[in-house]
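This is what each chain is made of:
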Amino acid sequence: MVKNVAFIPLRGGSKAIPLKNIIPIAGKPLCHWAIEAALEAKCIDRVVVSTDSHAIEKATERFKGHSKFSLFRRSSLHAQDHSSTEDAMLEYFEDHLCQNIVLIQATSPILTSRELDHAMDKFERLKTSSLLSVAPFKRFIWTEERDNPSAAKPLNYDFKKRPLRQKFHRQYVENGAFYIIGHQDFIETKCRLKDPVSIYQMSELSSYEIDNPEDIPPLEKYLQKTTLRKLSKKIKLMATDMDGVLTDSGMYYDQQGNELKKFNTRDGHAFEIARKKGLITAIITKEETQIAQKRAEKIRSHYLHQGISNKLKVLEDICKQEGIKTQECLYFGDDLGDLDIFDSEAFCICPQDAVEVIRRKADYISSQKGGHGVLREAIDAIYSQH
(Lines give C-alpha, C1' and ligand atoms only; values in the text may rest on other atoms or scores of the structure.)
Protein backbone atom coordinates (compact mmCIF):
# COMPACT_ATOMS: atom_id res chain seq x y z
CA MET A 1 0.00 0.00 0.00
CA VAL A 2 1.20 3.51 -0.82
CA LYS A 3 1.81 5.40 2.41
CA ASN A 4 1.34 9.14 1.83
CA VAL A 5 -0.53 10.51 -1.19
CA ALA A 6 -0.61 14.22 -2.00
CA PHE A 7 -3.91 15.11 -3.67
CA ILE A 8 -4.01 18.39 -5.62
CA PRO A 9 -7.48 19.32 -6.99
CA LEU A 10 -7.28 21.55 -10.08
CA ARG A 11 -10.75 22.29 -11.40
CA GLY A 12 -10.94 24.10 -14.72
CA GLY A 13 -13.83 26.38 -13.81
CA SER A 14 -13.13 29.65 -12.02
CA LYS A 15 -15.35 32.71 -12.00
CA ALA A 16 -13.03 35.51 -10.82
CA ILE A 17 -9.95 34.31 -12.76
CA PRO A 18 -10.61 31.93 -15.71
CA LEU A 19 -8.37 28.83 -15.51
CA LYS A 20 -6.83 30.30 -12.38
CA ASN A 21 -4.81 27.18 -11.60
CA ILE A 22 -2.60 27.62 -14.67
CA ILE A 23 -2.21 31.39 -14.89
CA PRO A 24 1.49 32.40 -15.03
CA ILE A 25 2.80 33.33 -11.57
CA ALA A 26 6.46 34.34 -11.30
CA GLY A 27 7.45 32.49 -14.44
CA LYS A 28 5.43 29.28 -14.19
CA PRO A 29 1.77 28.15 -14.04
CA LEU A 30 0.28 28.61 -10.56
CA CYS A 31 -0.28 24.89 -10.02
CA HIS A 32 3.39 24.09 -10.70
CA TRP A 33 4.42 25.60 -7.36
CA ALA A 34 2.28 23.15 -5.37
CA ILE A 35 3.12 20.17 -7.60
CA GLU A 36 6.86 20.79 -7.33
CA ALA A 37 6.69 21.17 -3.54
CA ALA A 38 4.85 17.84 -3.27
CA LEU A 39 7.20 16.01 -5.66
CA GLU A 40 10.26 17.26 -3.76
CA ALA A 41 8.86 16.33 -0.33
CA LYS A 42 10.54 13.19 1.07
CA CYS A 43 7.38 12.20 2.93
CA ILE A 44 5.20 12.10 -0.20
CA ASP A 45 5.09 8.80 -2.10
CA ARG A 46 2.62 9.79 -4.82
CA VAL A 47 1.32 13.09 -6.17
CA VAL A 48 -2.13 12.99 -7.74
CA VAL A 49 -3.49 15.92 -9.75
CA SER A 50 -7.25 15.69 -10.12
CA THR A 51 -8.68 17.77 -12.96
CA ASP A 52 -11.55 18.00 -15.40
CA SER A 53 -9.70 20.36 -17.74
CA HIS A 54 -7.78 19.50 -20.87
CA ALA A 55 -5.90 22.81 -20.61
CA ILE A 56 -4.74 21.97 -17.08
CA GLU A 57 -3.79 18.44 -18.14
CA LYS A 58 -1.67 19.93 -20.92
CA ALA A 59 -0.09 22.44 -18.52
CA THR A 60 1.10 19.59 -16.25
CA GLU A 61 2.67 17.50 -19.02
CA ARG A 62 6.20 18.30 -17.86
CA PHE A 63 5.63 16.19 -14.71
CA LYS A 64 4.38 13.05 -16.47
CA GLY A 65 7.83 11.48 -16.54
CA HIS A 66 8.24 11.80 -12.77
CA SER A 67 7.89 8.50 -10.94
CA LYS A 68 5.72 10.04 -8.21
CA PHE A 69 3.34 11.92 -10.49
CA SER A 70 -0.05 10.76 -11.77
CA LEU A 71 -3.02 12.52 -13.35
CA PHE A 72 -6.61 11.65 -12.47
CA ARG A 73 -9.39 12.71 -14.84
CA ARG A 74 -12.17 13.99 -12.62
CA SER A 75 -15.74 13.37 -13.78
CA SER A 76 -17.89 16.37 -14.75
CA LEU A 77 -20.26 15.37 -11.95
CA HIS A 78 -17.63 16.36 -9.38
CA ALA A 79 -16.40 19.47 -11.21
CA GLN A 80 -19.43 21.71 -10.90
CA ASP A 81 -19.50 25.12 -9.19
CA HIS A 82 -21.33 23.53 -6.26
CA SER A 83 -18.95 20.53 -6.04
CA SER A 84 -16.82 20.42 -2.90
CA THR A 85 -13.17 19.46 -2.64
CA GLU A 86 -14.30 16.48 -0.58
CA ASP A 87 -16.40 15.29 -3.55
CA ALA A 88 -13.28 15.22 -5.72
CA MET A 89 -11.30 13.46 -2.98
CA LEU A 90 -13.93 10.78 -2.49
CA GLU A 91 -14.11 10.07 -6.22
CA TYR A 92 -10.41 9.17 -6.16
CA PHE A 93 -9.80 7.72 -2.70
CA GLU A 94 -12.78 5.35 -2.62
CA ASP A 95 -10.90 3.27 -5.21
CA HIS A 96 -7.29 4.09 -4.32
CA LEU A 97 -5.95 2.92 -0.97
CA CYS A 98 -3.21 4.64 0.99
CA GLN A 99 -2.32 5.31 4.60
CA ASN A 100 -2.53 9.10 4.71
CA ILE A 101 -3.95 11.81 2.46
CA VAL A 102 -2.25 15.19 2.09
CA LEU A 103 -4.68 17.62 0.48
CA ILE A 104 -2.76 20.48 -1.13
CA GLN A 105 -4.39 23.57 -2.62
CA ALA A 106 -2.66 25.28 -5.53
CA THR A 107 -3.80 28.76 -4.50
CA SER A 108 -1.06 28.82 -1.83
CA PRO A 109 2.10 28.79 -3.98
CA ILE A 110 4.66 29.61 -1.28
CA LEU A 111 4.33 26.11 0.23
CA THR A 112 7.66 24.24 0.31
CA SER A 113 8.66 20.58 0.43
CA ARG A 114 10.43 21.27 3.73
CA GLU A 115 7.18 22.40 5.33
CA LEU A 116 5.35 19.31 4.08
CA ASP A 117 8.05 17.04 5.54
CA HIS A 118 7.99 18.80 8.90
CA ALA A 119 4.18 18.75 9.02
CA MET A 120 4.02 15.02 8.28
CA ASP A 121 6.62 14.41 10.97
CA LYS A 122 4.44 16.26 13.48
CA PHE A 123 1.30 14.43 12.34
CA GLU A 124 2.93 11.04 12.86
CA ARG A 125 4.74 11.98 16.06
CA LEU A 126 1.58 13.29 17.79
CA LYS A 127 -0.54 10.43 16.41
CA THR A 128 -3.31 12.95 15.82
CA SER A 129 -6.30 12.20 13.57
CA SER A 130 -5.74 15.19 11.30
CA LEU A 131 -3.59 18.27 10.85
CA LEU A 132 -3.98 21.55 8.99
CA SER A 133 -1.68 24.41 8.06
CA VAL A 134 -2.23 27.78 9.71
CA ALA A 135 -0.68 31.24 9.87
CA PRO A 136 -0.32 33.43 12.99
CA PHE A 137 -3.07 36.00 13.39
CA LYS A 138 -2.74 39.11 15.54
CA ARG A 139 -5.77 41.15 14.61
CA PHE A 140 -8.79 42.28 16.56
CA ILE A 141 -11.96 40.85 15.00
CA TRP A 142 -15.32 42.59 15.05
CA THR A 143 -18.74 41.53 13.85
CA GLU A 144 -21.90 43.44 13.03
CA GLU A 145 -25.30 42.13 14.02
CA ARG A 146 -27.61 41.56 11.07
CA ASP A 147 -30.66 43.06 12.74
CA ASN A 148 -28.82 45.91 14.39
CA PRO A 149 -25.83 47.21 12.36
CA SER A 150 -25.19 49.96 14.87
CA ALA A 151 -24.33 47.37 17.52
CA ALA A 152 -20.94 46.02 16.42
CA LYS A 153 -18.97 43.93 18.89
CA PRO A 154 -15.50 42.39 19.17
CA LEU A 155 -15.13 38.62 18.98
CA ASN A 156 -11.67 37.98 20.35
CA TYR A 157 -10.93 40.73 22.89
CA ASP A 158 -12.45 43.19 25.35
CA PHE A 159 -12.09 46.72 23.92
CA LYS A 160 -12.38 48.13 27.46
CA LYS A 161 -9.13 46.31 28.31
CA ARG A 162 -7.35 46.57 25.01
CA PRO A 163 -4.26 44.30 25.18
CA LEU A 164 -0.83 45.20 23.84
CA ARG A 165 -0.12 43.44 20.54
CA GLN A 166 2.90 41.64 22.00
CA LYS A 167 0.72 40.29 24.82
CA PHE A 168 -2.26 39.47 22.63
CA HIS A 169 -3.24 35.80 22.93
CA ARG A 170 -1.79 33.98 19.93
CA GLN A 171 -4.39 32.87 17.43
CA TYR A 172 -4.16 31.27 14.02
CA VAL A 173 -5.98 31.55 10.73
CA GLU A 174 -6.51 28.54 8.47
CA ASN A 175 -4.34 29.37 5.45
CA GLY A 176 -5.64 26.63 3.14
CA ALA A 177 -2.20 25.42 2.06
CA PHE A 178 -2.59 21.76 3.10
CA TYR A 179 -4.48 19.27 5.27
CA ILE A 180 -3.43 15.79 6.43
CA ILE A 181 -5.81 13.00 7.41
CA GLY A 182 -5.72 9.21 7.52
CA HIS A 183 -7.33 7.51 4.53
CA GLN A 184 -9.75 5.46 6.61
CA ASP A 185 -10.77 8.47 8.71
CA PHE A 186 -11.53 10.45 5.56
CA ILE A 187 -13.59 7.67 4.00
CA GLU A 188 -15.61 7.35 7.22
CA THR A 189 -16.18 11.07 7.86
CA LYS A 190 -16.10 12.37 4.25
CA CYS A 191 -14.36 15.41 5.74
CA ARG A 192 -10.77 16.64 5.40
CA LEU A 193 -10.48 17.05 9.18
CA LYS A 194 -11.31 14.84 12.15
CA ASP A 195 -10.89 15.36 15.91
CA PRO A 196 -8.35 15.57 17.41
CA VAL A 197 -6.91 18.18 15.05
CA SER A 198 -3.34 19.50 15.20
CA ILE A 199 -1.94 22.58 13.51
CA TYR A 200 1.25 23.31 11.62
CA GLN A 201 2.31 26.95 11.70
CA MET A 202 3.53 28.64 8.53
CA SER A 203 4.50 32.28 7.94
CA GLU A 204 1.97 35.12 7.92
CA LEU A 205 2.51 35.47 4.18
CA SER A 206 1.30 31.90 3.67
CA SER A 207 -2.29 33.02 4.32
CA TYR A 208 -2.13 35.18 1.20
CA GLU A 209 -4.20 33.43 -1.47
CA ILE A 210 -5.02 34.19 -5.10
CA ASP A 211 -8.75 34.70 -5.42
CA ASN A 212 -8.89 37.84 -7.57
CA PRO A 213 -6.62 39.38 -10.27
CA GLU A 214 -5.43 42.09 -7.88
CA ASP A 215 -4.00 39.40 -5.57
CA ILE A 216 -1.40 38.37 -8.16
CA PRO A 217 1.23 41.21 -8.37
CA PRO A 218 2.41 41.27 -4.71
CA LEU A 219 2.65 37.50 -4.46
CA GLU A 220 4.33 37.25 -7.84
CA LYS A 221 6.98 39.77 -6.80
CA TYR A 222 7.76 37.74 -3.68
CA LEU A 223 7.97 34.44 -5.58
CA GLN A 224 10.18 35.90 -8.30
CA LYS A 225 12.69 37.10 -5.75
CA THR A 226 12.77 33.91 -3.71
CA THR A 227 12.81 31.49 -6.67
CA LEU A 228 15.56 33.04 -8.75
CA ARG A 229 17.55 34.21 -5.74
CA LYS A 230 17.99 30.58 -4.68
CA LEU A 231 20.00 30.02 -7.86
CA SER A 232 22.74 32.44 -6.77
CA LYS A 233 24.48 29.71 -4.73
CA LYS A 234 23.76 26.94 -7.21
CA ILE A 235 24.53 27.98 -10.77
CA LYS A 236 28.04 28.00 -12.19
CA LEU A 237 27.31 28.37 -15.90
CA MET A 238 24.98 30.63 -17.89
CA ALA A 239 24.25 29.47 -21.44
CA THR A 240 21.81 30.77 -24.02
CA ASP A 241 20.43 30.32 -27.48
CA MET A 242 20.75 33.36 -29.72
CA ASP A 243 17.79 33.88 -32.08
CA GLY A 244 14.59 34.45 -30.14
CA VAL A 245 16.40 35.02 -26.85
CA LEU A 246 19.22 37.49 -27.41
CA THR A 247 17.31 38.73 -30.49
CA ASP A 248 13.63 39.24 -31.24
CA SER A 249 13.64 36.49 -33.93
CA GLY A 250 13.19 39.17 -36.59
CA MET A 251 14.94 38.82 -39.96
CA TYR A 252 16.35 42.18 -41.05
CA TYR A 253 18.24 43.00 -44.27
CA ASP A 254 20.03 46.08 -45.52
CA GLN A 255 19.80 47.35 -49.11
CA GLN A 256 22.61 45.03 -50.19
CA GLY A 257 20.74 42.01 -48.81
CA ASN A 258 23.03 41.55 -45.84
CA GLU A 259 21.36 39.97 -42.83
CA LEU A 260 21.05 42.11 -39.69
CA LYS A 261 20.10 41.21 -36.11
CA LYS A 262 18.93 43.40 -33.26
CA PHE A 263 20.40 42.75 -29.81
CA ASN A 264 19.52 44.27 -26.45
CA THR A 265 22.19 46.19 -24.55
CA ARG A 266 20.74 45.02 -21.22
CA ASP A 267 21.49 41.40 -22.10
CA GLY A 268 25.07 42.41 -22.79
CA HIS A 269 25.24 43.77 -19.25
CA ALA A 270 23.78 40.47 -18.02
CA PHE A 271 26.86 38.70 -19.39
CA GLU A 272 29.05 41.23 -17.59
CA ILE A 273 27.25 40.70 -14.28
CA ALA A 274 27.46 36.91 -14.73
CA ARG A 275 31.21 37.04 -15.32
CA LYS A 276 31.75 39.22 -12.26
CA LYS A 277 29.82 36.65 -10.22
CA GLY A 278 32.19 33.96 -11.43
CA LEU A 279 29.88 32.25 -13.94
CA ILE A 280 31.08 30.57 -17.11
CA THR A 281 29.10 31.99 -20.07
CA ALA A 282 28.19 30.33 -23.35
CA ILE A 283 26.16 30.93 -26.51
CA ILE A 284 24.91 27.77 -28.26
CA THR A 285 23.07 28.41 -31.52
CA LYS A 286 21.88 26.46 -34.55
CA GLU A 287 22.74 29.38 -36.84
CA GLU A 288 26.26 30.03 -38.10
CA THR A 289 26.96 33.71 -38.85
CA GLN A 290 29.61 36.38 -38.49
CA ILE A 291 27.03 38.38 -36.55
CA ALA A 292 27.00 35.78 -33.79
CA GLN A 293 30.79 35.74 -33.73
CA LYS A 294 30.97 39.52 -33.38
CA ARG A 295 28.28 39.62 -30.69
CA ALA A 296 29.99 36.88 -28.65
CA GLU A 297 33.25 38.81 -28.85
CA LYS A 298 31.53 42.05 -27.89
CA ILE A 299 29.92 40.62 -24.75
CA ARG A 300 32.99 38.47 -24.01
CA SER A 301 31.20 35.13 -23.83
CA HIS A 302 33.57 32.35 -22.74
CA TYR A 303 32.11 29.94 -25.30
CA LEU A 304 30.42 30.29 -28.68
CA HIS A 305 29.16 27.16 -30.47
CA GLN A 306 27.47 27.69 -33.84
CA GLY A 307 25.70 25.32 -36.23
CA ILE A 308 24.63 23.09 -33.35
CA SER A 309 21.72 20.66 -33.69
CA ASN A 310 22.35 18.70 -30.45
CA LYS A 311 22.62 21.51 -27.92
CA LEU A 312 22.46 19.28 -24.86
CA LYS A 313 25.60 17.39 -25.92
CA VAL A 314 27.46 20.69 -26.35
CA LEU A 315 26.27 21.90 -22.95
CA GLU A 316 27.36 18.62 -21.34
CA ASP A 317 30.76 18.86 -23.07
CA ILE A 318 31.25 22.37 -21.65
CA CYS A 319 30.25 21.13 -18.21
CA LYS A 320 32.72 18.26 -18.43
CA GLN A 321 35.48 20.60 -19.52
CA GLU A 322 34.71 23.03 -16.67
CA GLY A 323 34.17 20.33 -14.06
CA ILE A 324 30.56 21.22 -13.28
CA LYS A 325 27.18 19.42 -13.36
CA THR A 326 24.23 19.96 -15.68
CA GLN A 327 22.03 20.91 -12.71
CA GLU A 328 24.45 23.78 -12.04
CA CYS A 329 23.60 25.34 -15.42
CA LEU A 330 21.21 28.18 -16.20
CA TYR A 331 19.94 28.00 -19.79
CA PHE A 332 17.83 30.36 -21.90
CA GLY A 333 15.94 29.02 -24.92
CA ASP A 334 12.77 29.65 -26.90
CA ASP A 335 12.15 27.03 -29.59
CA LEU A 336 12.18 23.32 -30.43
CA GLY A 337 15.94 23.29 -30.91
CA ASP A 338 16.27 23.91 -27.17
CA LEU A 339 13.94 21.09 -26.16
CA ASP A 340 16.67 18.60 -25.25
CA ILE A 341 18.14 20.99 -22.70
CA PHE A 342 14.68 21.86 -21.33
CA ASP A 343 14.23 18.13 -20.66
CA SER A 344 17.55 17.98 -18.78
CA GLU A 345 18.42 18.91 -15.19
CA ALA A 346 19.50 22.44 -16.14
CA PHE A 347 17.41 25.34 -14.79
CA CYS A 348 15.69 26.61 -17.93
CA ILE A 349 14.21 30.03 -18.62
CA CYS A 350 12.30 31.09 -21.72
CA PRO A 351 11.05 34.43 -23.06
CA GLN A 352 7.39 35.36 -22.76
CA ASP A 353 6.89 34.66 -26.49
CA ALA A 354 8.59 31.23 -26.59
CA VAL A 355 6.78 28.38 -28.36
CA GLU A 356 4.15 26.64 -26.27
CA VAL A 357 6.00 23.36 -25.65
CA ILE A 358 9.02 25.27 -24.33
CA ARG A 359 6.80 27.43 -22.10
CA ARG A 360 5.27 24.28 -20.60
CA LYS A 361 8.68 22.80 -19.81
CA ALA A 362 10.37 25.99 -18.58
CA ASP A 363 11.33 26.37 -14.94
CA TYR A 364 10.72 30.08 -15.30
CA ILE A 365 8.99 32.21 -17.94
CA SER A 366 10.37 35.72 -18.30
CA SER A 367 8.02 38.70 -18.34
CA GLN A 368 10.05 39.95 -21.34
CA LYS A 369 9.88 38.85 -24.97
CA GLY A 370 12.95 37.66 -26.83
CA GLY A 371 15.43 40.45 -27.56
CA HIS A 372 13.97 42.67 -24.85
CA GLY A 373 16.21 41.87 -21.88
CA VAL A 374 15.29 38.31 -20.90
CA LEU A 375 18.76 37.52 -19.52
CA ARG A 376 19.03 40.80 -17.67
CA GLU A 377 15.70 40.30 -15.92
CA ALA A 378 16.79 36.89 -14.65
CA ILE A 379 20.32 37.89 -13.65
CA ASP A 380 19.04 40.96 -11.78
CA ALA A 381 16.59 38.78 -9.84
CA ILE A 382 19.17 36.09 -9.06
CA TYR A 383 21.73 38.51 -7.73
CA SER A 384 19.23 41.12 -6.46
CA GLN A 385 20.55 43.85 -8.74
CA HIS A 386 18.65 47.13 -8.46
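Just above, that's the structure.
Fair warning: this is a prediction, and the values are worked out from it, not measured in the lab.

Participant: Which parts of the structure should I look at to understand the pattern of salt bridges?
Facilitator: Under the definition given, this model contains 19 salt bridges. In this structure, Glu86 engages Arg192 in a salt bridge whose closest nitrogen and oxygen atoms are separated by 2.8 Å. Taken together, the residues span a long stretch of sequence, with Glu86 in helix H3 (residues 85-93) and Arg192 in the loop between helix H5 (183-189) and strand S11 (197-201) at a distance of 106 residues. Since its relative accessible area comes to 16%, Arg192 is described here as buried.

Participant: Would you take a moment to explain the pairing of strand S17 (residues 329-332) for this structure?
Facilitator: Sheet faces and side chains relate simply in a regular strand, where the side chains alternate between the two faces. Of the two faces of S17, the one carrying Cys329 and Tyr331 and the one carrying Leu330 and Phe332 are both buried. Pairing of strand S12 (residues 237-240) with S17, which is carried by four bridges, proceeds in the parallel orientation. Residue pairing in the sheet places Met238 in a bridge with Leu330 of S17. Alignment of S17 against strand S18 (residues 347-350), held across three bridges, turns out to be parallel.

Participant: So what exactly am I meant to see when it comes to the sheet that holds S12 here?
Facilitator: With parallel pairing, six strands are arranged side by side in an open sheet as S16-S15-S12-S17-S18-S19. Among the strands making up the open sheet, the edge pair consists of strand S16 (303-305) and strand S19 (364-365). Across two bridges, S18 lies against S19 in parallel orientation. Each bridged residue has a counterpart across the sheet, and for Ile349 the counterpart in S19 is Tyr364.

Participant: Is there a simple way to explain the packing of aromatic side chains in this structure?
Facilitator: What describes a pair of aromatic rings is the distance from one ring centre to the other and the angle between the planes of the rings. For the structure on display, the rule yields ten aromatic pairs. Pairing Trp142 with Tyr157 gives two aromatic rings, centres 6.2 Å apart and planes at 75°, and the pair type is edge-to-face. Remark: Tyr157 occurs in the loop between strand S9 (152-154) and strand S10 (171-182) and Trp142 occurs in strand S8 (residues 142-144); sequence separation between them is 15 residues. For Trp142, a relative accessible area of 41% gives the class partly exposed. The class for Tyr157 is buried, based on a relative accessible area of 12%. Ring centres 6.0 Å apart and planes at 45° place the aromatic pair Phe178 and Tyr200 in the tilted group. With Phe178 in strand S10 and Tyr200 in strand S11, this residue pair connects regions lying 22 residues apart in the sequence. For Tyr200, a relative accessible area of 13% translates into the label buried. Positioned above the aromatic ring of Trp33 is the side chain of Lys28, whose terminal nitrogen or guanidinium carbon lies 4.3 Å from the ring centre.

Participant: Please clarify how the layout of surface pockets should be interpreted in this entry.
Facilitator: Think of a ball as big as a water molecule: rolled over the atoms, this probe shows where empty space is left. There is about 1200 Å³ of room inside the largest pocket. Along its surface, the largest pocket is lined by 32 residues, and Lys28, Glu36, Glu40, Phe347 and Asp363 are the ones closest to its centre. Among the elements that line the lining of the largest pocket, the one with the most residues is helix H1 (residues 30-40), at five residues. Classifying every residue of the lining of the largest pocket gives 13 nonpolar, eight polar and eleven charged.

Cut-offs and rules
Residues numbered from 1 in each chain as written. Predicted model: local features only at pLDDT ≥ 70, side-chain atom pairs only at ≥ 80, totals over all residues. Heavy atoms only, no water. Salt bridge = Lys/Arg side-chain N within 4 Å of Asp/Glu carboxyl O. Helix = DSSP H or I, 4+ residues; strand = E, 2+ residues; numbered from the N terminus. Buried < 20%, exposed > 50% of the residue type's maximum accessible area, 1.4 Å probe, protein only. Pairing = 2+ DSSP bridges. Phe/Tyr/Trp six-rings, centres within 6.5 Å; stacked < 30°, edge-to-face > 60°. Lys NZ or Arg CZ within 6 Å of the ring centre and 35° of its normal. 1 Å grid on protein atoms, 1.4 Å probe; cavity = no way out; pocket = protein on both sides within 12 Å on 5 of 7 lines; lining within 4 Å. Points joined across faces, edges and corners; volume = space filled by probe spheres on them. Nonpolar A, V, L, I, M, F, W, Y, C, P; charged D, E, K, R; others polar.

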